[in-house]
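Each chain is listed here by its residues.
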Amino acid sequence: MPLESGSKWRLVLSALLISAVILELDAQEQGVTPGRTPKPSKPKLGKSTKKGPRAVTTKPKTKATPAAEAHNLLTQVLNRGKFKKVGESISVQTGDTLELRCRGKPVQWSVPPYLEEDDDGRLRIVQHERYGTLTLVNSTGADTGEYTCYPMYCEDTDCRKEYNKAVKVFVFFPDPQELFVPSSDYYEVIQLRTNWPTVLPCQVTSPEAKVTLHREYPPVEVTVDGMEISFNVKKGFTINRPRPHHAGALYCVASLGNLRQSSTKYMLIYVNYPMAPPAPVIQASSSSVVVGENLRVSCTVMGEQDVVVEFTWEYPGQQIGRPLYTQESISPVGGGAARQQSQSLLLVDEVRDVDQGTYTCTAQNLQGAKSVSTTIKVVPKTKPKKP
Ligand SMILES: *[C@@H]1O[C@H](CO)[C@@H](O)[C@H](O)[C@H]1NC(C)=O
């Protein structure tokens, strides 16, 4: 039986013991999706949702191109036709126009996800003969984010992005009213996986804002030491090695001048995330069973405590609907380290000829799946000897 893709979700859900919340596995990997060109203007009613281009960001591999050379490709066009090389980040006053020019024929752009979804006619992308321009008018703090230019490599009409030549600039639009890039969600659920860096994406609109991290209950400021938790003005806070005590409701506070504002709330849920896929061991009560006897096949996984393992079986009688049944159990393993044994036991009562063949157990956790098999031979009953 092939593992359905939904199976990973079920695991996540059972791991969380919450069935109502669907988590985006890679919510924290939020980023600009390379490869999407801004959609044409499509006025939307109501608020924007934060779904959408949140692909697993395969970071374009930055080759050893000197940064200076790369940034020559991208310039900011200022008033009266003046050009300015851009560094890693720039600030543009809200309400002003952002104009970027990128050398290449053609080029493609990627913009912050919000802008990609809710383009309301303020963004204009034009390709000239030797360069492309991106113009964003009537800017707001919400436009803060990463703007990337990808020079394209073309053969006839077949073009592809040259990822190693991508140039990015982070643009802040300091907004006198909004210190945080607004979010339409009142709160955001974020999964904390064991030893997996997690980002709380409270993005400020001004690089000058002072940002602190707070826990809702008990109400305390969280220490940001740069090791366990670090801050990046272009990203937010990162919990570098999540532990169970990081879970709970957190939010950021930004202050600048007389202004002090709170971000969206982040509900952090801790998930025991396995270090590796499971390594199941299969064992049958006997490799050769007499018709009419019972057979037990066990599939055992030793793993980290509280890591959910899901078992699926394939067996010879499956097609004809042999009603086998399984028993699953979890038991702690002694010896200090927090480990547990998960086991699925397949029980075949009164073995028949059709039960002969290969028994396969697949064990899956959030890191992956592994299958193991064993072969069972069914032998006829020895006829009682005639006297
Ligand atoms: C920009 O703002 C001005 C003044 O509010 C308005 O007239 C204009 O239509 C806006 N432009 C776009 C493209 O939204």
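Here we summarise the structure given alongside this text.

Conventions and cut-offs
The residue numbers shown here count from 1 along each chain, following its written sequence. At least 70 in pLDDT is required for a residue's local features to be given in this predicted model, at least 80 for side-chain atom pairs to be given and counted, and no such filter applies to totals for whole chains, interfaces and linings, which use all residues. Calculated side-chain values reflect all of the structure's heavy atoms, with hydrogen atoms and water omitted. By salt bridge we mean one thing: a side-chain nitrogen of Lys or Arg within 4 Å of a carboxyl oxygen of Asp or Glu. The rule is simple: take the accessible area with a 1.4 Å probe, protein chains only, and divide by the maximum for that residue type; under 20% is buried, over 50% is exposed, in between is partly exposed. Secondary structure elements are taken from DSSP: a helix is a run of H or I of four residues or more, a strand is a run of E of two residues or more, and numbering for both begins at the N terminus. Two strands make a pair as long as DSSP finds a minimum of two bridges between them. Helix axes are fitted to C-alpha atoms over the stretch in contact, other axes to C-alpha atoms as well, and angles between N-to-C directions run from 0 to 180 degrees. Contacts: residue pairs with any heavy atoms within 4.5 Å of one another.

## A closer look at the pattern of salt bridges
Working step 1: Evaluation of the coordinates by the stated rule reveals seven salt bridges.
Working step 2: Between Glu162 and Lys165 there is a salt bridge, and its shortest N-O distance comes to 3.6 Å.
Working step 3: Its relative accessible area of 19% is what places Glu162 among the buried residues.
Working step 4: In this structure, the salt-bridge partner of Asp355 is Arg322, at a minimum N-O distance of 2.5 Å. Taken as a pair, Asp355 in the loop between β24 (339-348) and β25 (357-365) and Arg322 in the loop between β22 (310-314) and β23 (325-333) lie far apart in primary sequence, 33 residues in all.
Working step 5: Overall, the relative accessible area of 9% leaves Arg322 in the buried class.
Working step 6: Taken together, the shared-partner salt bridges in this structure form one network comprising Asp120, Arg122 and Asp143.

## Digging into the sheet that holds β23
Working step 1: The strand order β19-β21-β24-β23 describes an open sheet built from four strands, whose pairing is antiparallel. Looking at the sheet topology across the chains shown, the edges are occupied by β19 (281-284) and β23. The mean inter-strand angle of the sheet, taken between neighbouring strand axes irrespective of direction, is 20°.
Working step 2: The pairing of β19 with strand β21 (residues 295-304) spans four bridges and is classified as antiparallel. Looking across to β21, one finds that Ala284 is bridged to Val297.

## Quick notes on the environment of Ser285
Working step 1: On the secondary structure map, Ser285 appears in the loop between β19 and β20 (288-290).
Working step 2: In sequence terms Ser285 and Val297 are twelve residues apart; their C-alpha atoms lie 6.2 Å from each other.
Working step 3: With sequence-adjacent residues up to four places away left out, Ser285 is seen in contact with Asn294, Leu295 and Arg296.

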